[in-house]
Amino acid sequence: MFSAIIIGVVLFSTSFDSGPDFSKLAGPYEATIYPIPNRYYLPGIKTLFKKAKKEIRVLIFTARYYREYKGDVGKELLASLKDALSRGVKVELILDASDWNKSNSLHNKLFGEEIKKYGAEVWYDPPDITSHDKVIVVDSQYVVIGSTNWSFYALAANNEASVIIKSKGLADYYLKYLDEVKRVSTKDLPSYYGWDKFYKREMKKIPNSKEGSAMPRSLTAPIPDIDGYKGVVYAVPNRNYTIALHELLTHAKDSVLVAMLSARTYKRDTFIFNEVLFNDLKHLPQKGVYTELILDGSNYNRVNTVQNKEGFIDYLKPYGVNAHFDSYDITTHAKLILVDEKYLLFGSTNWTLPAFEWNDEGNVLIISEGASSYFRKYFHLIKKDAPKKLPSWYRTN
């Protein structure tokens, strides 16, 4: 979408492997990485918001709260933002307003209208663009990036891979990115979304009138180092993601580990990156690179589960790739790629055609042995939780 900061995919091979070439990416930037996967996310960003002095800028696909439920985690985020506003911190939100998912867009506006009452500036991206990012920049110094939406299951149950990164260079880059998104955004949703009818229905719900349901099962992520992990980072939004991913896979030497919500193959006459990705993956075992993919197999979205199986797991297994599902009662919403002992690539990008070609997606490439070691432990936690025997509904034929 944004030509100033997006470059096309360049595919090449050489007989001499000098390692991944990241020269077409923005970076490298010196950084300290603080992992906040799973249930570390909410306390992590609440602490960050509490320390904010000047500005909190957010670009996110889903921001939701439930006014009728007691103890809703979305209200905790609202309270943190309200507190920051009361201290004179500028708060700006850009929320997705895709016309293909009006329900999500309307709930985003409900969140936006609530925080606007306290002085926040709220924008909505264009209806024909999906801003699938989950990016926060605080005080031009900290960047929060990963897979975590502001929704109940993301904050309370899902396997989510996110980080807080202290890096002036990365923050400057993503501030410019947010400016570009804001430039084409508006202050309201299109009238045909049906906001008035939706709002009247929501306002009939009595605040805190319902007890929240029992908390869903959740994995306890490894305890991260409180001092963070030193490394360098590259910004890889939108189409730049495919450049980074191709470089990492074609130059992998020891191992490739992936935890992913959605992975697809497509039957099309025109070129798509998914074909390159599948080709990269299937050749890794032949080169002696251990390759394992954990794809989401949760029972809440069985269509996604079946597509993961038929479109990726079944295709890759004959080539020696250890591809399998996670636990069926926890959604692995992460988009985590670990290569060798020091490379990490993650953010909001699924391995789907819309993510690769159309959506706005926020991602980061991290080079850090410490952060890699931490997220490898996290990966193996998800792997250990995978079922030994699949439920009968996993059969797809």
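Remember, it's a predicted structure, so these values are computed and weren't measured experimentally.

Cut-offs used in this document
Residues numbered from 1 in each chain as written. Predicted model: local features only at pLDDT ≥ 70, side-chain atom pairs only at ≥ 80, totals over all residues. Heavy atoms only, no water. Helix = DSSP H or I, 4+ residues; strand = E, 2+ residues; numbered from the N terminus. Rg over C-alpha atoms; globule rule 2.2 N^0.38 Å. Buried < 20%, exposed > 50% of the residue type's maximum accessible area, 1.4 Å probe, protein only. Contact = heavy atoms within 4.5 Å. Axes fitted to C-alpha atoms, helices over the stretch in contact; angles between N-to-C directions. Parallel < 35°, antiparallel > 145°, perpendicular 65-115°, else oblique. Left-handed = near helix turned anticlockwise from the far one by under 90°. Nonpolar A, V, L, I, M, F, W, Y, C, P; charged D, E, K, R; others polar. Pairing = 2+ DSSP bridges. Right-handed = clockwise from strand over helix to strand, strands pointing away. Core = buried A, V, L, I, M, F, W, Y, C linked by side-chain atoms within 4.5 Å.

**Student:** In this structure, what is going on with the overall build of the chain? I would like to understand it.
**Tutor:** The helix and strand inventory of the chain stands at 11 helices and 14 strands. Here the C-alpha radius of gyration of the chain, 20 Å, is about what a compact globule of 397 residues would show, namely 21 Å. For the chain, the spread of C-alpha atoms along the principal axes amounts to about 60 × 50 × 45 Å. Within the span of the chain, comprising 397 residues, buried residues form 58% of the whole. For the chain, restricting intrachain contacts to residue pairs at least 6 apart in sequence, the fraction spanning at least 24 positions comes to 85%.

**Student:** What exactly am I supposed to notice about the packing of helix α2 (residues 73-86) against helix α3 (residues 102-116) here?
**Tutor:** Working note: a packed helix pair is described by the angle between its axes plus the distance between those axes. As a packed pair, α2 and α3 sit with axes 10 Å apart at the nearest point and diverge in direction by 30°. Comparing their axes, α3 and α2 come out roughly parallel. In the packing of α2 onto α3, the handedness of the crossing is right-handed. Where α2 approaches α3, its residues G74, L78, L81, K82 and L85 are matched on the opposing element by F111, E114 and I115. The residue makeup of the contact of α2 with α3, split by class, is 5 nonpolar, 1 polar and 2 charged.

**Student:** Can you help me understand the pairing of strand β11 (residues 322-325) in this one?
**Tutor:** On any regular strand, side chains alternate: one points to one face of the sheet, the next to the other face. Bridge count for strand β10 (residues 290-295) against β11 is 4 bridges, and the pairing is parallel. Paired with I294 across the bridge in β11 is H324. At this point the chain moves from β10, through helix α9 (residues 302-316), to the parallel β11, and the crossover so formed is right-handed.

**Student:** Would you take a moment to explain the nonpolar core for this structure?
**Tutor:** Where a protein is soluble and globular, its nonpolar side chains tend to be buried together. Among the nonpolar cores identified, the biggest contains 44 residues, and I165, L170, Y174, V233, I366 and F375 are the most heavily contacted of them. Of the residues forming this core, the biggest block, 8 residues, is contributed by helix α5 (residues 168-183). Setting aside residues up to four positions removed in sequence, F375 forms contacts with P35, P37, A161, S162, V163, L336, L338, L344 and F346. Core analysis: the next-biggest nonpolar cluster, separate from the first, contains 42 residues, V122, Y124, L155 and Y193 among them.

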